[in-house]
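Listed below are the residues making up each chain.
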Amino acid sequence: MKKLRIELDTEKCIDNRSCINIDPLHFKSKDNKAFLKKGAGKGNLQVLNLEVSDQEAEKIIKAASSCPTNSIKVIDVQDQKELVTTELKQDNIKEIEAKYDDNKEFVLDPAGYFLIRINKEKKLIEVGFCNERNKLVLKIVGKKPIEVYNEIVNKEKLPIRKDHCAYLGRELQKAYISLQENLEYIQDEELKFQ
Ligand code: SF4
């Protein structure tokens, strides 16, 4: 058995729910924030002290470690040791001011290219993939970017470059925002908010 103290900073939570998916016994979602089931606290800090089996402790640690915003701290009460820390290590940081010149640095992915548009009537993002000029070999439609890129990257496993994956994510998010905000979507152009 292990005595643990869990601290959850709800202010930092972005509600991606990975802690809840991993450990629904101790984490829940409320008003677009994660909370500790049976936790107590004031303001942003939720606290839960509990005694759990080694197996349960492992699950709590896994859930807390999955948090992308370091919102969950787990402390071993007996050893006073932080099993999952919320401190961000900042020694030896490499800092870069990002720059990119499309005219000089753009290189076409030899695997192919995407054609992306939105269907406002059906509220769908439509993506075509050409593996050579004007040769469409795949069409994917979806409501959300994650549905579309999951099909392309994980299921269809298109052999596209990393920068092309990033490009796809950016364009899909722009297409999604256009559908939500009733904007015009033109691939490769900035969205125009008025
Ligand atoms: S993993 Fe972190 S950000 Fe995601 S819901 Fe849990 S506390 Fe919030």
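Fair warning: this is a prediction, and the values are worked out from it, not measured in the lab.

Turning our eyes to something else, we now look at the overall build of the protein chain. Scanning the protein chain from terminus to terminus reveals five helices and nine strands. For the protein chain, the sequential pattern of α-helices and β-strands runs β-α-β-β-β-α-β-β-α-β-β-β-α-α. Against the globule reference of 16 Å for 194 residues, the protein chain gives a C-alpha radius of gyration of 22 Å, more extended than a compact globule. For the protein chain, the spread of C-alpha atoms along the principal axes amounts to about 65 × 45 × 35 Å. Counting over 194 residues, the protein chain shows a buried share of 35%.

A full pass over the atoms with the stated rule returns one aromatic pair. Here Phe114 and Phe129 contribute two aromatic rings whose centre-to-centre distance is 5.0 Å and whose plane-to-plane angle is 50°, an arrangement assigned as tilted. Separated by 15 residues along the polypeptide, Phe114 in strand E7 (residues 113-119) and Phe129 in strand E8 (residues 124-132) bring together distant segments of the chain. Look at Phe114 and you get buried, because its relative accessible area is 3%. Phe129 gets classed as buried once you look at its relative accessible area, which sits at 3%. The cationic tip of Lys30 hangs over the ring face of Phe35; the distance from NZ or CZ to the ring centre is 5.5 Å.

For helix H5 (residues 162-181), with 20 residues, the first-to-last C-alpha span of 29 Å sits near the 28 Å given by 1.5 Å per residue. Turning to H5, its buried residues number three or more, namely His164, Leu168, Glu171, Leu172, Lys174, Ala175, Ser178 and Leu179. An end-on view of H5 places all buried positions within 160° of arc, on one side of the element. Counted as exposed and oriented over 90 degrees from the buried face of H5: Lys162 and Ala166. At its buried positions, H5 is contacted by E7, E8 and helix H4 (145-155).

Time to look at the site of the ligand. Every residue lining the ligand is accounted for by Cys13, Ile14, Asp15, Asn16, Arg17, Ser18, Cys19, Ala34, Cys67, Pro68, Thr69 and Ile72. Class assignment of the residues belonging to the shell around the ligand gives a composition of seven nonpolar, three polar and two charged.

The next thing to look at is the environment of Arg133. Along the chain, the position of Arg133 falls in the loop between E8 and strand E9 (135-142). The spacing of Arg133 and Glu51 is 82 residues in sequence and 62 Å in space, taken between C-alpha atoms.

So, about the sheet that holds strand E6 (residues 81-84). Strand order across the open sheet formed by four strands is E4-E1-E5-E6, with antiparallel pairing between neighbours. Of all the strands in the sheet, just strand E4 (45-52) and E6 have a single pairing partner and so form its edges. Looking at each pair of strands side by side, their axes are set apart by 25° on average, direction ignored. Across eight bridges, strand E1 (residues 2-9) lies against E4 in antiparallel orientation.

Turning our eyes to something else, we now look at the sheet that holds E8. On the basis of which strands lie adjacent, the open sheet formed by three strands has the order E7-E8-E9 and antiparallel pairing. Two strands bound the open sheet, and with one partner strand each, they are E7 and E9. Between one strand and the next, the sheet's axes are offset by a mean angle of 20°, whatever the strand orientation. Pairing analysis gives seven bridges linking E7 to E8, with the strands arranged antiparallel. Each residue of the ladder has a partner; that of Leu115, found in E8, is Gly128. Lying on the sheet, H4 is in contact with E7, E8 and E9; it crosses E9 at an angle near 140°. Strands in contact with H5 are E7 and E8; relative to E7, the strand with the most contacts, it is inclined by about 10°.

Reading the values: the criteria
- Residues numbered from 1 in each chain as written.
- Predicted model: local features only at pLDDT ≥ 70, side-chain atom pairs only at ≥ 80, totals over all residues.
- Heavy atoms only, no water.
- Helix = DSSP H or I, 4+ residues; strand = E, 2+ residues; numbered from the N terminus.
- Rg over C-alpha atoms; globule rule 2.2 N^0.38 Å.
- Buried < 20%, exposed > 50% of the residue type's maximum accessible area, 1.4 Å probe, protein only.
- Phe/Tyr/Trp six-rings, centres within 6.5 Å; stacked < 30°, edge-to-face > 60°.
- Lys NZ or Arg CZ within 6 Å of the ring centre and 35° of its normal.
- Expected span 1.5 Å × (residues − 1).
- Arc of directions from axis to C-beta.
- Contact = heavy atoms within 4.5 Å.
- Near = heavy atom within 4 Å.
- Nonpolar A, V, L, I, M, F, W, Y, C, P; charged D, E, K, R; others polar.
- Pairing = 2+ DSSP bridges.
- Axes fitted to C-alpha atoms, helices over the stretch in contact; angles between N-to-C directions.

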